[in-house]
Amino acid sequence: MKEAKLTLKQQSDQQTVVSISDTVRCGGRELLIVGGPCTVESAEQIEAVASRLSQHPIQALRGGVYKPRTSPYAFQGMGKAGLDILERARNKYGMPVITEVMSVEQLPEVAAQADVLQVGSRNMQNFELLKALGTTTKPILLKRGLCATIEELIMAAEYVMASGNPNVILCERGIRSYDSFTRNVLDLGAVVALKQLTHLPVIVDPSHAAGKRELVADLARAAIACGADGLIIECHPEPEKSVSDARQALSLDDMAALVGSLELIAQAVGRTLPLPVARRAQAAAVCAPAESETALVQFDAVARLAAARANIDAIDQEICALLQKRMACGTEIAEIKAIGDLPVKDTGREVIVLTNVRESASDVEIGLALEAIYKTVIAESVKLQKRVLAESLKLPPQISKQTLHKLSRVRALRPNRIASSTTVI
Ligand code: PEP
Ligand code: MN
């Protein structure tokens, strides 16, 4: 494997970012999310998929037009007509398309219309195909072979790179094992290893790994959590009617819910989800006459600012609830001080509180900032205590001994604090 000098990392922080279109990349901070059916079946099907997925954080469409089917009698794909359908959807929705190329002969036709050329599992070691793909500049999505080792996948990538194409994205899609409960075994260990060993982006296909739609979302989330650069997931407007891989196809609603659920996990591992393609187009139209890069960057910034502010608002809510709790303690303290006839303002205690606050901070500057904030908190607490005390002295003109006794327990009234306007009867 040492000889895979183009694929293996030369420095630990080396990371390739593969450009798929003007705005879509794979391998950077933003995750690449790809969705679509196993097979392109009709223009209506792709229209339904693209119009829906463009509303969600999904940048690219998938769909096979040349299908590697186990049986020669099964539907083999729409071929050129399918490519035309994908191309129309790409132009209408601004979503790059990914489709499989199965042979050297198909390459010119597929490369003319697709944005990313997929090498399917069954072709990972079709060395003539890999060499031919190396002569194009199109990004290559190289799927791990059904029974391929990590080293064999790396060497397959090396074939493409050595033939001149550096734009390779690796894809873990599950490997064969003895258990037929899942279609394959999703090897997330391989994802972590490939990220450590190579500088290429690594994405995960949980659909072909699981083979069952109910397993796909959890596996997708696990893939992002372990450092994958993106996902490729099969979905269909009517999953049960899919001409191929129906059992693993998600509905468009489930696909939308799945990508929605990735936000927190992405954040936790320092990644971001893309803006929905439909919102990018609106942003470009609003911010600038052309779809300029600056307008998109600005729109991204506005969206991130809103998310960061929502975070601040939530923290403020927590702080306010705690401050109110603290103030309620102040009321109790005022009453205790009144009973003991102790001074409301206690400078020694204030010094202790301020020192505790300052020393709780991780950094000197922050400690001083917290101390400044707390001086106001203490001043307000003293004001509150004085108000409580004053209120406890407001009595009606006449009060019975029993009431006074009860009040003195709850409101900390001391006989010497009763104004002369109140008579005890
Ligand atoms: C596919 O993505 O449509 C496909 C056939 O996948 P794989 O090659 O991973 O089986
Ligand atoms: Mn499939």
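Anything mentioned here points back to the structure above.
Here goes a summary of the coordinates provided. Every chain's residues receive numbers from 1 upward, in the order its sequence appears when written. Chains carry letters and ligands carry numbers; both start at the beginning, A for chains and 1 for ligands, and go up in the order they are written. In keeping with the model being predicted, local features are shown solely for residues with a pLDDT of at least 70 and side-chain atom pairs are shown and tallied solely at 80 or more, while totals for entire chains, interfaces and linings include all residues. Calculation of side-chain values draws on the structure's entire complement of heavy atoms; hydrogens and water are dropped beforehand.

## Remarks on the sheet that holds strand β7 (residues 140-143)
By the convention used here, strands pair only if DSSP detects at least 2 bridges between them. Only DSSP runs of H or I reaching four residues or more are called helices, and only runs of E reaching two or more are called strands; each is numbered from the N terminus. What the eight strands build is a closed barrel, ordered β3-β4-β5-β6-β7-β8-β9-β10; its pairing is parallel. Across the sheet, the mean angle separating the axes of adjacent strands is 25 degrees when strand polarity is ignored. Judged from the three bridges that link them, strand β5 (residues 97-100) and strand β6 (residues 116-119) form a sheet pairing that is parallel. Bridged to isoleucine 98 within β6 is valine 116. Here the axes come from fitting lines to C-alpha atoms, over the contacting stretch only for helices, and the angles between their N-to-C directions go from 0 to 180 degrees.

## Looking at the site of ligand 1
Taken together, the residues surrounding ligand 1 are Arg62, Lys67, Glu100, Gln118, Gly120, Ser121, Arg122, Lys143, Arg173, His208 and Glu234. Between ligand 1 and arginine 62, the relevant distance is 2.8 Å, taken from an oxygen atom to a side-chain nitrogen or oxygen of the residue. What qualifies as a polar contact is a pair of N or O atoms within 3.5 Å, subject to a donor-acceptor requirement within protein and to the restriction that residues adjacent in sequence count only when both atoms come from side chains. Arginine 122 places a polar side-chain atom, nitrogen or oxygen, 2.9 Å from an oxygen atom of ligand 1. Values of accessible area rely on a 1.4 Å probe in the Shrake-Rupley scheme; residue burial ignores everything except the protein chains shown. Protein burial of ligand 1: of its 290 Å² of free accessible surface, 97% is covered by the chains. For this purpose, a residue is taken to be near a molecule or strand whenever a single non-hydrogen atom of the residue falls within 4 Å of it.

## Here we look at unusual backbone geometry
You will see that aspartate 245, though not glycine, has its phi angle at about 50 degrees, which is positive. Here aspartate 245 lies in the loop between β10 (230-234) and α9 (252-260).

## Some details on the packing of helix α1 (residues 43-53) against helix α2 (residues 80-93)
A pair of packed helices is captured by two measures, namely the crossing angle of their axes and the spacing between those axes. The N-to-C vectors of α1 and α2 enclose an angle of 30 degrees; their axes lie 10 Å apart at closest approach. One way to sum up the angle between α1 and α2 is to call them roughly parallel. Of the two elements, α1 crosses α2, and the hand of that crossing is right-handed. Residue-level inspection shows Ala43, Ile46, Glu47, Ala50 and Ser51 of α1 in contact with α2, the latter providing Ile85, Leu86, Ala89, Lys92 and Tyr93. Its residues placed into classes, the contact of α1 with α2 shows seven nonpolar, one polar and two charged. For classification, angles of less than 35 degrees are called roughly parallel, those exceeding 145 degrees roughly antiparallel, those between 65 and 115 degrees roughly perpendicular, and all remaining angles oblique. The handedness criterion is simple: a crossing whose near helix is rotated anticlockwise from the far helix by less than a right angle is left-handed, and one whose near helix is rotated clockwise is right-handed. Residue contacts follow a heavy-atom distance rule, with two residues in contact if any of their heavy atoms lie within 4.5 Å. Basically, the charged four are Asp, Glu, Lys and Arg, the nonpolar ten are Ala, Val, Leu, Ile, Met, Phe, Trp, Tyr, Cys and Pro, and anything else, Gly included, counts as polar.

## Notes on the pairing of β6
Every second residue of β6 is oriented toward a common face, with Val116 and Gln118 on one face and Leu117 and Val119 on the other, all of them buried. Following the backbone out of β5, through helix α3 (residues 107-113) and into the adjacent parallel β6, one traces a crossover that is right-handed. Pairing analysis gives three bridges linking β6 to β7, with the strands arranged parallel. Residue pairing in the sheet places glutamine 118 in a bridge with leucine 141 of β7. With its strands directed away from the observer, a crossover is right-handed exactly when the path from the first strand over the helix to the second travels clockwise. Tracing the backbone out of β6, into helix α4 (residues 127-133) and back to the parallel element β7 gives a crossover that is right-handed. For every residue, the accessible area (1.4 Å probe, protein chains only) is compared with the maximum for its type, and the residue is labelled buried under 20%, exposed over 50%, or partly exposed between those bounds.

## What to know about the pairing of strand β8 (residues 168-172)
Counting buried positions over the five residues of β8 gives five, a clear majority of the element. On β8, burial covers both faces: Val168, Leu170 and Glu172 on one face and Ile169 and Cys171 on the other are all buried. Strand direction decides the pairing type here: β7 and β8, joined by four bridges, are parallel. In the sheet register, leucine 142 faces β8, and the bridge partner there is leucine 170.

## Digging into the packing of aromatic side chains
Side-chain rings of Phe, Tyr and Trp (the six-membered ring for Trp) are treated as a pair once their centres are within 6.5 Å; stacked means planes under 30 degrees apart, edge-to-face means over 60, and tilted covers the remaining angles. Inspection of the entire model under this criterion finds one aromatic pair. The cationic tip of lysine 212 hangs over the ring face of phenylalanine 181; the distance from NZ or CZ to the ring centre is 3.3 Å. Criterion for a charge above a ring: Lys NZ or Arg CZ within 6 Å of the ring centre, and within 35 degrees of the ring normal.

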